[in-house]
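Each chain, written out:
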Amino acid sequence: MGRGGFIFNSENFHFGKGPRQIGRTLLTLLVYMLLTFTLAVLVYLAFSLVFRTDTERRLQREIRMYERLYPGLEEREQLLGDAIASLQHKDNEIYGLVFRSNGAPMLDPMESQGAVSVADTIPEERLTIYTRHKADSLLGRCGLVDAAFERIFRALSDTSLVLPPMTLPIADITYPQVGASTGRKMDPFYKAYVYHEGLDLIVARGTPVLAAADGTVTSASKSKSGGNTVRIAHEGGYETVYAHLESMKVRAGQRVRAGERIGDVGMSGQAFAPHLHYEVRRDGAGMDPVGFFFASVSPTEYVNMLYMSVNTMQSMD
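Please read all numbers here as calculations on a predicted model, not as lab measurements.

1. As for the overall build of the chain
And then number 1: Looking only at helices and strands, the chain has four helices and 13 strands in total.
And then number 2: Here the chain holds 317 residues, and 29% of them are scored as buried.
And then number 3: As displayed, the chain offers around 21100 Å² of accessible surface, 60% of which is attributable to carbon and sulfur atoms.

Below you can see the structure in the form of structure tokens.
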């Protein structure tokens, strides 16, 4: 047998085609297919490495942008978590102080029961148990709310009840005007963290300053640090302090009513800019003044004020 599938016939001395070999044909076809596939893959890889589509370029730009933003977002998420935890703590303190309750109600009263997704795959028995737990939790919370309202109504009907100073010292103030509250804040002059004993309310010079509750002016004096300062004693051991005033409209021993004008905003003393430094004390101990604003503003405004006071790290005095 010769090459190319030809056979030599020794009788007539002629070459003729031999029988076709199917196996060899299939093998040759398979080899061509593999070579073609390999070549196509190599061409595609080379094309993808050299040329990129608009979608790929856009996705790569987004990936690079997210890589740059992620470290900052992670830090901001941690700061936000700490701020929310601090707000929750302050909220619980306010509810304990004013309503004599064990803390503020949760946003989801049934949160402790866990979350169950509504899906067709959940057995009916589990849905029934979950619903019963939810109903029991709601009934229990309703009982707590009813008891809290009863305590509030009894307290309000008690003529001997003493409410804390809850009138805003600046009329119609909004949360963007709320500065640093109590705690460790950056001193604007020495650039060091010191304890800030009050709340900064950043308003224009000459804005009227109002008494936060009925009381008696214990002093209306001037000091090097606080400038023109008015102190008012209130029932229940409360005292409010108004510092850095431009002018004082009251004198020591004078009786004032809630909302009465006692001075004007200024920057007397050691002040970085015109503002009112406002303090609330009880039996000599400093308290967070923002905690007494909730009765004078909307819930949304109150939450924003809390957030601003906690996250403003530099005081104005």
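2. Quick look at unusual backbone geometry
Note on backbone geometry: most residues besides glycine have negative phi, and most peptide bonds are trans.
And then number 1: Within the chain, Lys-191 stands out as a residue other than glycine whose phi angle is a positive 55°.
And then number 2: Positive phi, normally seen in glycine, also occurs at Asp-283, with a value near 55°.
And then number 3: With respect to the helices and strands, the residue Asp-283 is situated in the loop between β12 (276-282) and β13 (285-287).

3. Concerning the side chain of Asp-200
And then number 1: By secondary structure assignment, the location of Asp-200 is in strand β5 (residues 199-201).
And then number 2: Comment: no salt bridge for buried Asp-200; closest opposite-charge side chain is Lys-185, at 8.9 Å.
And then number 3: There is a polar contact of 2.8 Å between the side chain of Asp-200 and the backbone nitrogen of Met-316.
And then number 4: If sequence neighbours within four positions are ignored, Asp-200 has contacts with Gln-177, Val-178, Gly-179, Ala-180, His-275, Leu-276, His-277, Ser-315, Met-316 and Asp-317.

4. With respect to the packing of aromatic side chains
Aromatic ring pairs: the centre-centre distance and the angle between the two ring planes describe each pair.
And then number 1: This model, assessed by the stated rule, comprises five aromatic pairs.
And then number 2: Ring centres of Tyr-238 and Phe-292 lie 6.4 Å apart, and the angle between their planes is 85°; this geometry places the pair in the edge-to-face category. With Tyr-238 in strand β9 (residues 238-248) and Phe-292 in the loop between β13 and α4 (299-311), this pair connects stretches of sequence that are 54 residues apart.
And then number 3: Tyr-238 gets classed as buried once you look at its relative accessible area, which sits at 6%.
And then number 4: Between Tyr-242 and Tyr-278, the ring centres sit 5.4 Å apart and the planes meet at 40°, which makes this aromatic pair tilted. With Tyr-242 in strand β9 and Tyr-278 in strand β12, this pair connects stretches of sequence that are 36 residues apart.
And then number 5: Since its relative accessible area comes to 0%, Tyr-242 is described here as buried.

5. Side note on the pattern of salt bridges
And then number 1: By the definition in use, this model includes eight salt bridges.
And then number 2: Ionic pairing is found between Glu-197 and Arg-281, a salt bridge with its closest N-O pair at 2.9 Å. Taken as a pair, Glu-197 in the loop between β4 (193-196) and β5 and Arg-281 in strand β12 lie far apart in primary sequence, 84 residues in all.
And then number 3: Judged by relative accessible area, which is 16%, Arg-281 ranks as buried.
And then number 4: Each member of the salt-bridge network shares a partner with another, and the members are Glu-197, Glu-279 and Arg-281.

6. Focus: the nonpolar core
Side chains of a nonpolar character, in soluble globular proteins, are inclined to be buried together.
And then number 1: Residues Tyr-242, Ile-262 and Leu-276 are the most contacted members of the largest nonpolar core, which totals 33 residues.
And then number 2: A total of four residues in this core trace back to one element, the largest contributor, which is α4.
And then number 3: Those residues within four positions of Leu-276 in sequence are excluded, and the remaining contacts are Pro-169, Ile-170, Leu-199, Asp-200, Leu-201, Val-209, Tyr-242, Ala-243, Leu-245 and Val-265.

7. Examining the pairing of strand β11 (residues 261-265)
And then number 1: With four of its five residues buried, β11 lies for the most part within the structure.
And then number 2: Here three bridges tie strand β6 (residues 208-210) to β11, and the two strands are oriented antiparallel to one another. Within β11, the residue paired with Val-209 across the bridge is Gly-263.
And then number 3: Relative to β11, β9 runs antiparallel, the two sharing three bridges. Directly across from Met-248, in β11, lies its bridge partner Gly-263.

8. Some words on a nonpolar patch on the surface
And then number 1: Taken together, the side chains of Leu-27, Leu-30, Val-31, Tyr-32, Leu-34 and Leu-35 make up a nonpolar region of the molecular surface, amounting to roughly 620 Å² of accessible area.
And then number 2: The topology assignment puts Tyr-32 in helix α1 (residues 22-50).
And then number 3: With a relative accessible area of 54%, Tyr-32 lands in the exposed category.

9. As for α4
And then number 1: For α4, built from 13 residues, the straight-helix expectation of 18 Å at 1.5 Å per residue is met to within 8% by its first-to-last C-alpha distance of 18 Å.
And then number 2: Burial in α4 covers these residues: Glu-301, Tyr-302, Met-305, Leu-306, Ser-309 and Val-310. Angularly, the buried residues of α4 cover 165° about the axis, an arc narrow enough to put them on a single face.

Conventions we followed
Position numbers for residues start from 1 in each chain and track the written sequence from start to end. Since the coordinates come from a predicted model, pLDDT governs what is reported: local features require at least 70, and pairs of side-chain atoms require 80 or more to be given and counted, while whole-chain, interface and lining totals use all residues. Only hydrogens and water are removed before side-chain values are computed, so all heavy atoms of the structure are retained for them. Going along the chain from the N terminus, every DSSP run of H or I of four or more residues is numbered as a helix, and every run of E of two or more is numbered as a strand. Relative accessibility thresholds used throughout: buried, under 20% of the residue-type maximum; exposed, over 50%; partly exposed, between the two (1.4 Å probe, protein chains only). For the area figures, the Shrake-Rupley method with a 1.4 Å probe applies, and any residue is considered shielded solely by the protein chains shown. By the counting rule applied here, Lys and Arg register as positive and Asp and Glu as negative, while His and the ends of each chain are not counted. Salt bridge, as used here: a side-chain nitrogen of Lys or Arg that lies within 4 Å of a carboxyl oxygen of Asp or Glu. Polar contact is the term for a pair of N or O atoms within 3.5 Å; when the atoms are in protein, one must be able to donate a hydrogen and the other to accept it, and sequence-neighboring residues count only if both atoms are side-chain atoms. Only heavy atoms matter for contacts: two residues are in contact if any of them lie within 4.5 Å across the pair. Two rings from Phe, Tyr or Trp (for Trp, the six-membered ring) form a pair when their centres are within 6.5 Å of each other. A pair whose planes differ by under 30 degrees is stacked, one over 60 is edge-to-face, and the rest are tilted. Note on terminology: a nonpolar core comprises buried Ala, Val, Leu, Ile, Met, Phe, Trp, Tyr and Cys residues joined through side-chain atoms within 4.5 Å. A pair of strands is labelled paired if DSSP reports no fewer than 2 bridges between them. Only residues whose relative accessible area exceeds 30% and that form no salt bridge enter a patch; like-charged residues are grouped when within 9 Å of one another, and nonpolar side chains (Val, Leu, Ile, Met, Phe, Trp, Tyr) when within 5 Å. A helix's residues, less one, multiplied by 1.5 Å, set its expected span. Each direction from the helix axis to a C-beta atom contributes to the arc, which is the arc of those directions.

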